[in-house]
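Letter by letter, the chains look like this.
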Amino acid sequence: MLRRAVTILLLTMLLPLTVAAGDGVPKKSVVLYGLDVDSMRVRLDETDMQPLEGIWYYPNEEMTLGIERYKGLHNIGYRIILLDSPDINLVPGTVIGYIANSAVDNKYQLWLYSQRDRVTLIKPLKCVATLNSKATTFTFDPPHWKVKVRVNFARFLPSLFSGMSIVPDKVEESLPVGFRKIYPEGGDGNPFNRIRYL
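Here, residues in each chain are numbered from 1, in the same order as that chain's written sequence. Reporting in this predicted model follows two pLDDT cut-offs: at least 70 for local features of residues, and 80 or more for side-chain atom pairs to be given and counted; totals over whole chains, interfaces and linings ignore these cut-offs and use all residues. In computing side-chain properties, one takes all heavy atoms of the structure into account and sets aside hydrogens as well as water.

A. Expanded view of the environment of Ser102. Structurally, Ser102 is set in the loop between strand S4 (95-101) and strand S5 (107-117). The term polar contact refers here to a pair of N or O atoms within 3.5 Å; inside protein, the definition further demands a hydrogen-donor-capable atom paired with an acceptor-capable atom, and it admits residues adjacent in sequence only when both atoms are side-chain atoms. Among the polar contacts listed, one links the side chain of Ser102 to the backbone oxygen of Val104, at a separation of 3.1 Å. Within the structure, the side chain of Ser102 is placed 2.7 Å from the backbone oxygen of Lys107, a separation counted as a polar contact. A run of DSSP states H or I qualifies as a helix once it reaches four residues; a run of E qualifies as a strand once it reaches two. Both are numbered from the N-terminal end.

B. Molecular detail of the pattern of salt bridges. A carboxyl oxygen of Asp or Glu within 4 Å of a side-chain nitrogen of Lys or Arg is what we treat as a salt bridge. On inspection of all chains with the given rule, the structure shows five salt bridges. Across the pair Arg69 and Asp48 runs a salt bridge whose closest N-O atoms are separated by 3.0 Å. Residue Arg69 is located in strand S2 (residues 63-69), and its partner Asp48 is located in the loop between helix H2 (37-45) and strand S1 (54-58); the two are separated by 21 residues in the primary sequence. The partner of Asp87 in a salt bridge is Arg116, with the nearest N and O atoms 2.8 Å apart. One end of the pair, Asp87, is in the loop between strand S3 (76-84) and S4; the other, Arg116, is in strand S5, and 29 residues separate them in sequence. For every residue, the accessible area obtained with a 1.4 Å probe (protein chains only) is divided by the maximum for its type, and the residue is called buried under 20%, exposed over 50%, and partly exposed between those limits. Classification of Asp87 as partly exposed rests on a relative accessible area of 24%. One network of salt bridges, in which partners are shared, links Arg43, Glu68 and Arg79.

C. Structural view of the layout of surface pockets. Only protein atoms enter the calculation, which uses a 1 Å grid: trapped sets of points that fit a 1.4 Å probe without letting it out are cavities, open sets showing protein on both sides within 12 Å along at least five of seven lines are pockets, and any residue with an atom within 4 Å of a point is a lining residue. Grid points are joined across faces, edges and corners, and a volume is the space filled by probe spheres set on the points. Its boundaries defined by the atoms lining it, the largest pocket holds a volume of some 460 Å³. Lining the largest pocket are 19 residues, with Tyr58, Glu61, Leu112, Tyr113 and Ser114 positioned closest to its centre. Elements supplying a minimum of two residues to the lining of the largest pocket: S5 and strand S6 (120-131). Element by element, the count of residues in the lining of the largest pocket is highest for S5, at five residues.

D. Summary view of the nonpolar core. In this structure, Leu52, Ile80, Ile99, Leu110, Phe138, Phe140 and Phe179 are the most contacted members of the largest nonpolar core, which totals 40 residues. Ranked by residue count, the leading element in this core is S3, at six residues. Should any heavy atoms of two residues lie within 4.5 Å, those residues are considered in contact. When neighbours within four sequence positions are excluded, Phe140 is seen to be in contact with Tyr58, Leu110, Leu112, Cys127, Val128, Ala129, Pro176, Val177, Gly178 and Phe179. Here the nonpolar core consists of buried residues drawn from Ala, Val, Leu, Ile, Met, Phe, Trp, Tyr and Cys, with membership extended through side-chain atoms lying within 4.5 Å.

E. Layout of the sheet that holds S2. With antiparallel pairing, the eight strands of this closed barrel are ordered in space as S1-S2-S3-S4-S5-S6-S7-S10. Pairs of neighbouring strands in the sheet enclose a mean axial angle of 35 degrees, with direction left out of account. Any two strands are treated as partners once DSSP identifies two or more bridges connecting them. As paired strands, S1 and S2 are joined by five bridges and run antiparallel to one another. Bridging from a neighbouring strand, Tyr57 pairs with Thr64 of S2. Note on geometry: axes are lines fitted to C-alpha atoms, helical ones only across the stretch in contact, with angles between N-to-C directions running from 0 to 180 degrees. Strands S1, S2, S3 and strand S10 (177-183) of the sheet are contacted by H2, whose axis makes an angle of about 25 degrees with S2.

This is how it looks when you write it as structure tokens:
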């Protein structure tokens, strides 16, 4: 009975976090077939690229990603597309996340899919990401949720002071993870938003 009560309590605490994580982002990823590094480069060269757009490398997962503008969802300005990965179960062209602008110029809301259901990515998690001033790195701190449930039957006056408590556990600070731009390098030699003659 106690285990059931603890499970219900934890689910009610975590439910608002999982509901808020979506924020209108699709619950499942989609695949844009035919996209790879070369075709993404051509696609980007045909647009007036914004600082966030380009081809990025994600060293933690050894993935090459493309970030392009996107207008399919409310407030979502960009989507992140997998272009190359050592994981053969991931299909190039898979949308792995979305990005929305915020009120601060270099801060963004970032959603990355956190789980896999065979070849489909599911469960987008939201975090805050920062684009550096030269638009060459895009870093974020993944959400850290760690909760300890403590049951103490030896507690003094258990009818007055509950024998069960939920204790937040401090997670040690670590370096943020993120993407490093590999194309165009610093705007391909041209400032962003300036007309480029092809």
